[in-house]
Structure formats: C-alpha cells, structure tokens
Amino acid sequence: MRIIPQQQITTRRVIIIGGGLVGLGTAYKLQLRCPSARVTVLEKEDRVCGHQSGHNSGVLHAGLYYKPGSLKARLAVSGIREMVAFCQQHAVPHEICGKLVVAADESEVARLRSLHERGTQNGLEGLRLLDRKQMLEVEPHVGGVAALRVPQEGIVDYEKVCEALQREVEAKGGSVVLGAKVTALQLKNGEWRVGTTAGDYPADFVINCAGLHCDRVSTLAGEKREVRIVPFRGEYYKIKAERQQLVRNLIYPVPDPQFPFLGVHFTRLIHGGIEAGPNAVLAFAREGYRKTDVNLADLWDALTFSGLWRFLAQHKRMSWDELRRSFSRRLFCESLQRLVPEIRADDLAPGGAGVRAQAMSPEGGLVQDFCLLHRPRALHVLNAPSPAATAALAIGEEISNLVAKEI
Ligand SMILES: Cc1cc2nc3c(=O)[nH]c(=O)nc-3n(C[C@H](O)[C@H](O)[C@H](O)COP(=O)(O)OP(=O)(O)OC[C@H]3O[C@@H](n4cnc5c(N)ncnc54)[C@H](O)[C@@H]3O)c2cc1C
C-alpha cells in the first residue's frame, strides 16, 4: 500500500492594523482569497469605524473624477459595484439616488464637459449633460447654468457596512481586537512581532491600514516617511428641517482639478436630513474634530515637514479662504448659494466633522492616487482618501491579489 503524504497546509498569520473600512474590507477579501490564513485586525479604539470611515459624507462615488488608468479610477468603478452588492447581501441601508454636478456659471462649463469625458473614459454609464431646464426637473431649487447627472451614485450607512464586515470576518474565524494600538513592529527570522497596548502578536504578514496614522505605522516597520499624512478637517452644517425641501439628493460643484477635495456640496443622508459640506481646513491634530483641537505631536510633525510649507506657499489663497470660511457661516453659505441660491445662513445649523488622511509629498503636492507600498511580508496603505470608503472592498481585493502568493 502506498501512503500519500498529507499535504502540509501552513496557516499563515496575517495582522491587519486598523479597523476602518479599508482594514475590514481587506480582512474580508483576504479570507475569501486565502481561506487558510488566520486574519486578525488590530484596532486602537474601543470600536471599529471610529475615524474617517465613521465621519464621512456617506456617499457612494462611482469614479467620475479620477484620472483614467489610475488606481483610484479603476477601484472606484469596481468598488461601487462591490459595495452595493455587499449592502444588498447584508441588508445595509443604502440608496442609489443619483447626483448632479453643477456648473455655477459659464466659466465652469468646459470643466463640466471634461468631467463628462473623464467619467465616460472611466466606464461610467448613463452620464448626461443637462441644460438649465433639465436640471430643474431633477433638482427644482438648483442654481447654475448646466449640470452633469451621474445616475449610479448614491448614499449609504458606512457604520453599518463596518459592522457587517466585522461580523463576516469573525464568522469566518478571523478576529477583530479592539483597544489594541500598535506601538512596535519587529521582523526577526522571518516573523513579525507586533507590539500593541493589548499585548504582542506574532505574524507572518502585516498589512497597515492605519488611516490618519499610516505613515507613522510604516516607520515602525522601518520605512522612511517619503510622503506624510497631513490632516484636512472637513466641517459640515445641517440644513434645518423646514428648509430641507431645497435639496432632493446630491448636489455637487465642479471641483478644482488641482485638489483632491470635491468642494462643499449638499448630501442627503441615508437616515434622513440634509448636510452641507465638507470644507477642507488644515487641522492641528490628526484626530482633531473640533477647531480648537490641538495635538502637539501632530502639530510638530506637520510644522517640521517641508512639504507643508511648500504647499502653503503654493496655495496661500486657497488655504486662507478655507480658514476664513471655516469660521464664517456667511462665507460657507455663499459657497453653497452657488449651488442652491435660495439657501440662507439662517438655514444652517452646525453639524459634525471628519478629518481626511491626505498624503503629501516633500514637494508640497497632494498625492492624488491611492498609494500601496508592497514589501516582503508587509503592505502599507499610504494614501486612501475619498473615495476609499466606496472602494474599500475593491482595495481589499487589490491588496489580497498582491499578497496572496506570500500568504
Ligand atoms: C470629511 C470626509 C468625507 C468623506 N466622504 C466620503 C464619501 O462620501 N465617500 C467615500 O467613498 N469616501 C469619503 N471619504 C473618505 C473615506 O472616509 C476614507 O477614505 C476611508 O474611510 C478610509 O478608510 P481607512 O480604513 O483607510 O481609514 P480609517 O477609517 O481612518 O481607519 C483607520 C483605523 O486605523 C486605526 N489605527 C490608527 N493607528 C492605529 C494603530 N497604531 N494601531 C491600531 N489601530 C490604529 C484608527 O483608529 C482607525 O480606526 C471622506 C472622508 C472624510 C474625512
């Protein structure tokens, strides 16, 4: 009798740092791609979704804005499909309500047409340029001279997406450890020792999805910080109940192509209500949700980074205008009136805020594309700003494909 040696199946231990949408989306996709891997997500807070993923606009972006061929364009387009399918499968509240991008005056029409072309190149279907009469049929109170209708975009409850992802990861044998801040990463004899505030974890592979702290976490693993995270706070106003009829769904401006931020806009929320915002103000703390929040280590980090000074020198006007608008409801309202002229400062009540983790180069450039740094036994997500919430599952799939051979 011939004995067939039992194939040795080695269980690879994968640690994912960060329990936001990107970390959880990656854990979920990795378990599907490599079922024998033992996946552990380490999250420093006492719940998942506590930072960017739980402080955003709740919009499902379809890939309209991004440079054709970029990772952002590719993963946004596949990402929205995957996210909508996931929401359907897991009963996560969402709605495909469509969006209007509005050219406030003739000077913006050429850029609106370029957006139309870009979206078409990226594979979006059903995009339609509307004249003033057609715009009013979609949004009866909108201003402007022309608009682009993006039918496949929508709104979603991202906190519920995170909860569903956590449940799925745990149901497949993975674990999500809360209150575990990663403070050390040491690679010795081919094995990582991941030091955390909740004890040490051994690992064969580490994936850094630490959002606002991803650059710092990468240095724990011995990487040089070539790009640095600069926090940009996005502040919102809520539209008072009696004026919410001014907005049906999503109304966006034509964005300034120099910046990855989309400009203040109107968003209908999945559980009711309308929000206006977010602006993009340099923050004095990476997790600084209030104007008065200052974190000395974060501030020092920012002020000693030459890229920030170059950015400020190159964009003095924009940075100053954003700061003024942050302190002035009237100025905020003036930006909104370019989209909906009837809105008044009195219609706006203070809302929440989020902080974007935006990677900046030493030359002062804002990194536009998603940035994944793949090393032996490690992968660092070094830039995952909007639309990374929408694209979280597609980013997870991309990462899983990149690292599958090693796991
Ligand atoms: C104001 C605003 C509006 C936005 N609007 C949209 C939108 O409408 N649609 C869209 O698609 N995208 C939007 N985005 C972008 C989107 O929210 C983010 O791109 C996405 O949530 C990034 O997810 P993440 O998992 O990378 O980061 P995060 O959600 O920030 O998660 C990172 C996690 O890592 C944890 N962590 C950090 N350091 C450590 C450590 N040392 N140890 C352990 N854990 C650690 C943090 O606590 C955090 O939970 C918006 C972002 C902002 C700020």
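Predicted, not measured: the structure shown is a model, and the values here were computed from it.

Conventions used here
Residues numbered from 1 in each chain as written. Predicted model: local features only at pLDDT ≥ 70, side-chain atom pairs only at ≥ 80, totals over all residues. Axes fitted to C-alpha atoms, helices over the stretch in contact; angles between N-to-C directions. Helix = DSSP H or I, 4+ residues; strand = E, 2+ residues; numbered from the N terminus. Parallel < 35°, antiparallel > 145°, perpendicular 65-115°, else oblique. Left-handed = near helix turned anticlockwise from the far one by under 90°. Contact = placed C-beta atoms within 7 Å. Nonpolar A, V, L, I, M, F, W, Y, C, P; charged D, E, K, R; others polar. Core = buried A, V, L, I, M, F, W, Y, C linked by C-beta atoms within 7 Å. Buried ≥ 20, exposed ≤ 12 C-beta atoms within 10 Å, placed from the backbone. Domains from an automatic or database assignment.

With respect to the packing of helix α1 (residues 21-33) against helix α11 (residues 392-403)
Their axes nearest at 7 Å, the elements α1 and α11 cross at an angle of 50 degrees. Considering the angle they form, α1 stands oblique to α11. Note that α1 runs across α11; the crossing there is right-handed. For the pair α1 and α11, contact is made by Leu21, Val22, Gly25, Thr26, Tyr28, Lys29, Leu30 and Arg33 and by Ala392, Leu393, Ile395, Gly396, Glu397, Ile399 and Ser400, respectively. In terms of residue class, the contact of α1 with α11 is made up of eight nonpolar, four polar and three charged.

Quick look at the nonpolar core
Judged by nonpolar contacts, the single largest core of 124 residues is most densely connected at Val14, Val101, Val102, Val206, Ile251 and Ile395. The biggest single contributor to this core is helix α2 (residues 71-89), with eight residues.

Quick look at the packing of α1 against helix α5 (residues 158-171)
Relative orientation of the contacting elements α1 and α5 amounts to 35 degrees, with a least axis distance of 9 Å. The two elements α1 and α5 meet at a crossing, and its hand is left-handed. Contact residues: Leu21, Leu24, Gly25, Ala27, Tyr28 and Gln31 in α1; Tyr158, Val161, Cys162, Leu165, Gln166, Glu168 and Val169 in α5. A breakdown of the residues in the contact of α1 with α5 according to their chemical character gives nine nonpolar, three polar and one charged.

Section: the domain arrangement of the chain
You can read the domains of the chain as domain 1 (13-52 + 160-227 + 369-406), domain 2 (99-151) and domain 3 (228-366). Look at where the C-alpha atoms of domain 2 and domain 3 centre, and you get two points 22 Å apart. Taken together, the contacts link 15 residues of domain 2 with 13 residues of domain 3. Only β5 (99-103) and α3 (109-121) provide two or more residues apiece to the side of domain 2 that touches domain 3. Residue contributions to the side of domain 2 that touches domain 3 peak at five residues, all from β5. For the side of domain 2 that touches domain 3, a count of residues per class yields eight nonpolar, three polar and four charged.

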